[in-house]
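# Observations on the three-dimensional arrangement
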Amino acid sequence: MSSSITAASGSTLLPAAVAADLHEHHPVTADQCARYRRQGFIKLKDVLSAATLHSAGAAISAEVARRSRDVRPMASRSTYEKAFLQVMNLWCDDPIARAFTFSRKLARLAGELMGVDGVRLYHDQALYKEPGGGITPWHCDQQYWPLATDHTITVWVPLQAVPLPMGPLAFSDSSHRTDFGRALEISDDSEHEVARRLTLADLPVDEGAFALGEVSFHSGWTFHRAGANRSSDMRAVMTMIYFADGTRLAEPANRNQQRDRDTWMPGSRVGEAVATELNPLLWSRGD
Ligand SMILES: O=C(O)CCC(=O)C(=O)O
């Protein structure tokens, strides 16, 4: 593998219209970019077609089934384990997942929303909330990432519509500008403490449903959560985390960041730009 991989080799396995849908330009307005930067998140409708979500979703679901080991009943799992089945870096194992993760359309949207000249992959992850699955507690993601930048962003892509009973992702508007709760891991503590602080700060929460084809982007410091899955269907979601090209590795500040450095940026060195073989450049302005 090279650190400047830009082609999506799995695209040859996908119908041409799906490969084109993953690649083509999806315009984003100056107003949408400003809204993302102000709110710390944005939801965009009609980004991917039903055919794309269906084709890629089948491959991603097969990979989740193959790699998920947790068959214990919900009652015997922790809050984190009840929240979702979590499978990471599917792109390394499955060519269709790779084509999805390497979507130039999504990477370009991420770059344009952040206002940077290129984006690299941190990792992808499928987050499948099972029927009867529990809440995803309030948290912000960058607690886990030893990256010396605020230019980090996650795209959350539901592989089917997500009505309220299924546990859509909810966001605390403008919470990326707050400075509390950033050290809390995803846990019962983060759920209670962050909820308390967000209520005190009087920040609005966007907790709407997602239509088929709608995706969200949220910043690494934006607090978010999801409700339990009270439906009888799996809430299948694929995500990609991106960071601005040129970002340097920060000294890991906790054990999660230490583990993330070793797992997602193996061989990277503190103070140097992160560009390992696991962090391909997925979009660059002018390409
Ligand atoms: O899908 C979920 O329930 C949580 C997603 C999340 O925390 C994330 O993508 O950062």
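Residues numbered from 1 in each chain as written. Predicted model: local features only at pLDDT ≥ 70, side-chain atom pairs only at ≥ 80, totals over all residues. Heavy atoms only, no water.

## Digging into the nonpolar core
The biggest cluster of nonpolar side chains holds 49 residues, and the ones touching the most others in it are Ile60, Phe100, Leu106, Phe217 and Tyr242. Look past the residues within four positions of Ile60 in its chain and what remains in contact with it is Leu90, Ala97, Phe100, Ala126, Tyr128, Leu159 and Met238. Grouped together as the second largest cluster of nonpolar side chains are 11 residues, Tyr144, Ile241, Leu249 and Trp264 included. (Core = buried A, V, L, I, M, F, W, Y, C linked by side-chain atoms within 4.5 Å. Buried < 20%, exposed > 50% of the residue type's maximum accessible area, 1.4 Å probe, protein only. Contact = heavy atoms within 4.5 Å.)

## A few points about the packing of helix H1 (residues 16-23) against helix H3 (residues 50-67)
Where H1 contacts H3, the axes come no closer than 9 Å and their chain directions differ by 100 degrees. Comparing their axes, H3 and H1 come out roughly perpendicular. Across the interface between the two elements, Val18, Asp21 and Leu22 from H1 touch Ala51, Thr52 and Ser55 from H3. (Axes fitted to C-alpha atoms, helices over the stretch in contact; angles between N-to-C directions. Helix = DSSP H or I, 4+ residues; strand = E, 2+ residues; numbered from the N terminus. Parallel < 35°, antiparallel > 145°, perpendicular 65-115°, else oblique.)

## Observations regarding the environment of Ala16
By secondary structure assignment, the location of Ala16 is in helix H1. For Ala16, a relative accessible area of 64% puts it in the exposed group. Expressed as a C-alpha distance, the spacing of Ala16 and Ser78, which sit 62 residues apart in the sequence, is 42 Å.

## Here's the deal with the confidence of the model for the chain
Per-chain confidence: the chain averages 94 in pLDDT, with 96% of residues scoring 70 or above. A low-confidence stretch, residues 1-9 (pLDDT under 50), is modelled with 19 contacts involving residues beyond four sequence positions or located in other chains. (pLDDT = per-residue confidence, 0-100.)

## So, the site of the ligand
Looking at the ligand, there are 13 residues lining it, with Thr136, His139, Trp156, His224 and Arg235 nearest. Here Thr136 contributes a side-chain N or O atom positioned 2.7 Å from an oxygen atom of the ligand. Computed on the free molecule, the ligand has an accessible area of 290 Å², of which 96% lies beneath the protein chains in the complex. When each cavity is represented as a set of grid points, the ligand is found to reside in the largest pocket. Counting residues per element, the ones that place at least two in the shell around the ligand are strand S4 (136-139), strand S5 (152-158) and strand S9 (224-226). (Near = heavy atom within 4 Å. Polar contact = N/O pair within 3.5 Å; in protein donor to acceptor, adjacent residues only side chain to side chain. Areas by Shrake-Rupley, 256 points an atom, 1.4 Å probe, with all protein chains shown as cover. 1 Å grid on protein atoms, 1.4 Å probe; cavity = no way out; pocket = protein on both sides within 12 Å on 5 of 7 lines; lining within 4 Å. Sits in = over half its atoms within 2 Å of the grid points.)

## Structural notes on the layout of surface pockets
By volume, the largest pocket amounts to about 530 Å³. Of all the secondary structure elements, the ones that give two or more residues to the lining of the largest pocket are strand S2 (85-88), strand S3 (118-128), S4, S5, strand S10 (237-244) and helix H8 (255-264). Considering each element in turn, the lining of the largest pocket owes the most residues, five residues, to H8. Partitioning the lining of the largest pocket into residue classes produces 11 nonpolar, 11 polar and five charged. Size it by volume and the second largest pocket reaches roughly 220 Å³. What lines the second largest pocket is a set of 13 residues, and nearest its centre among them are Tyr36, Asp150, His151, His176 and Ser219. Secondary-structure elements contributing two or more residues to the lining of the second largest pocket are helix H2 (30-39) and helix H6 (104-114). (Points joined across faces, edges and corners; volume = space filled by probe spheres on them. Nonpolar A, V, L, I, M, F, W, Y, C, P; charged D, E, K, R; others polar.)

## Let's talk about the sheet that holds strand S7 (residues 205-206)
Strands sit in the order S4-S9-S6-S7 across an open sheet of four strands; the sheet is antiparallel. Of all strands in the sheet, those bounded by a partner on one side alone are S4 and S7. Pairing between S4 and S9: two bridges, direction antiparallel. When the bridges of S9 are listed, Thr136 appears paired with Ala226. Seen against the sheet, helix H7 (residues 188-201) touches S4, strand S6 (169-172) and S9 and runs at an angle of roughly 50 degrees to S4. (Pairing = 2+ DSSP bridges.)

## Considerations on the side chain of His176
Here His176 lies in the loop between S6 and H7. Exposure remark for His176: the relative accessible area of 16% places this residue in the buried category. Apart from residues lying up to four places away in sequence, His176 is in contact with Arg37, Arg38, Gln39, Gly40, Arg182, Ser219, Trp221 and Thr222.

## Quick look at unusual backbone geometry
Backbone geometry places Asp46, a non-glycine residue, at a positive phi of 55 degrees. As for its position among the elements, Asp46 is in the loop between strand S1 (41-44) and H3. Positive phi values are uncommon outside glycine, yet Asp202 reaches one of about 60 degrees. If you trace the backbone, Asp202 turns up in the loop between H7 and S7. Note on Asp202: relative accessible area 65%, which makes it exposed.

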